[in-house]
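One letter stands for each residue in the lines below.
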Amino acid sequence: MRIFLIGFMGCGKSTLGRSLAADTGLKFIDLDSYIEEQQGQTIPQIFANLGEEAFRKMEHDALREAGNSEGVIISTGGGAPCFFDNMDYMNQQGETLYMQLPIEVLADRLINARVERPLAKGKTRDELIDFITKTLDKRDEFYLKAKWITNPADMPNEAFLTHWGLKAV
Ligand code: S3P
């Protein structure tokens, strides 16, 4: 069993992944943290020092390393499905969930967590709404290839376990 959580920055992939892993005993990998450990640099440092293109290559490689594990829940960075053939790769390797949240909700969450996210850094709420709208316009083509699309905000963990036929430990 492999589950890939995808969606825009701030949709809650890492939080849900960690919590589902605790419920099921599956291993949890946060792809951004995996890259940070591998590189010995934070994501903002990688963007600043090496640029986005280099980050996307690292993300591609890390996804394949993590995606080869068995019994794993992987939370991916918001851009991961939208570069190379990453989305097709995830669909081949296992289950994919697009956590789809309203733009205003994403903006409210991102306003408090802009520092760790180079692409959202320094933006006002209105600028964030504009940025999210335009970016989603390009990214939805990839996100919507996910096997399951849901707004997870009010969904209890049991609903996810039932959907994937997982047992709580
Ligand atoms: C990015 C999202 C971030 C991180 C990087 C780029 C994006 O991950 O991978 O800052 O392109 O949307 P989160 O979605 O976990 O914030």
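Whatever comes next refers back to the structure up there.
If you're wondering where the values come from, they're calculated on a predicted model, not measured in any experiment.

Chemist: Would you mind going over the site of the ligand with me for this structure?
Modeler: Neighbouring residues of the ligand: 13 residues in total, closest Lys13, Asp32, Arg56, Arg117 and Arg139. Separating an oxygen atom of the ligand from a side-chain N or O atom of lysine 13 is a distance of 2.6 Å. When the free accessible area of the ligand is taken as 390 Å², the share hidden by the protein chains comes to 95%.

Chemist: Is there a simple way to explain the sheet that holds strand E5 (residues 148–150) in this structure?
Modeler: By definition, the strands of a sheet pair up through backbone hydrogen bonds, in either a parallel or an antiparallel sense. Spatially, the 5 strands line up as an open sheet ordered E2-E3-E1-E4-E5, and their pairing is parallel. Of all the strands in the sheet, the pair left with one neighbour each is strand E2 (27–30) and E5. Each strand of the sheet is rotated relative to its neighbour by a mean of 20°, with strand direction disregarded. Alignment of E2 against strand E3 (residues 72–75), held across 4 bridges, turns out to be parallel. Note on E3: the bridge partner recorded for aspartate 30 is serine 75. The sheet strands contacting helix H8 (residues 157–164) are strand E1 (2–6), strand E4 (95–99) and E5, and the helix crosses E5 at an angle near 165°.

Chemist: Is there a simple way to explain the packing of aromatic side chains in this structure?
Modeler: Two aromatic rings are characterised by how far apart their centres lie and by the angle between their planes. Summed over the entire model, instances satisfying the criterion amount to 6 aromatic pairs. Judged by centre distance (5.4 Å) and plane angle (90°), the rings of tryptophan 148 and tryptophan 164 are edge-to-face. Note that tryptophan 148 is positioned in strand E5 and tryptophan 164 in helix H8, a separation of 16 residues in sequence. Here tryptophan 164 falls in the buried class, since its relative accessible area comes to 8%.

Chemist: Please clarify how the pairing of E4 should be interpreted in this entry.
Modeler: Judged by how many residues are buried, E4 sits mostly within the fold: 4 of 5 residues are covered. Where E1 and E4 come together, 4 bridges link them in parallel fashion. Within E4, the residue paired with phenylalanine 4 across the bridge is threonine 96. Sheet analysis places E4 next to E5, joined by 3 bridges and oriented parallel. Bridge assignment links tyrosine 98 to a residue of E5, and that residue is isoleucine 149.

What counts and how
- Residues numbered from 1 in each chain as written.
- Predicted model: local features only at pLDDT ≥ 70, side-chain atom pairs only at ≥ 80, totals over all residues.
- Heavy atoms only, no water.
- Near = heavy atom within 4 Å.
- Polar contact = N/O pair within 3.5 Å; in protein donor to acceptor, adjacent residues only side chain to side chain.
- Areas by Shrake-Rupley, 256 points an atom, 1.4 Å probe, with all protein chains shown as cover.
- Pairing = 2+ DSSP bridges.
- Helix = DSSP H or I, 4+ residues; strand = E, 2+ residues; numbered from the N terminus.
- Axes fitted to C-alpha atoms, helices over the stretch in contact; angles between N-to-C directions.
- Contact = heavy atoms within 4.5 Å.
- Phe/Tyr/Trp six-rings, centres within 6.5 Å; stacked < 30°, edge-to-face > 60°.
- Buried < 20%, exposed > 50% of the residue type's maximum accessible area, 1.4 Å probe, protein only.

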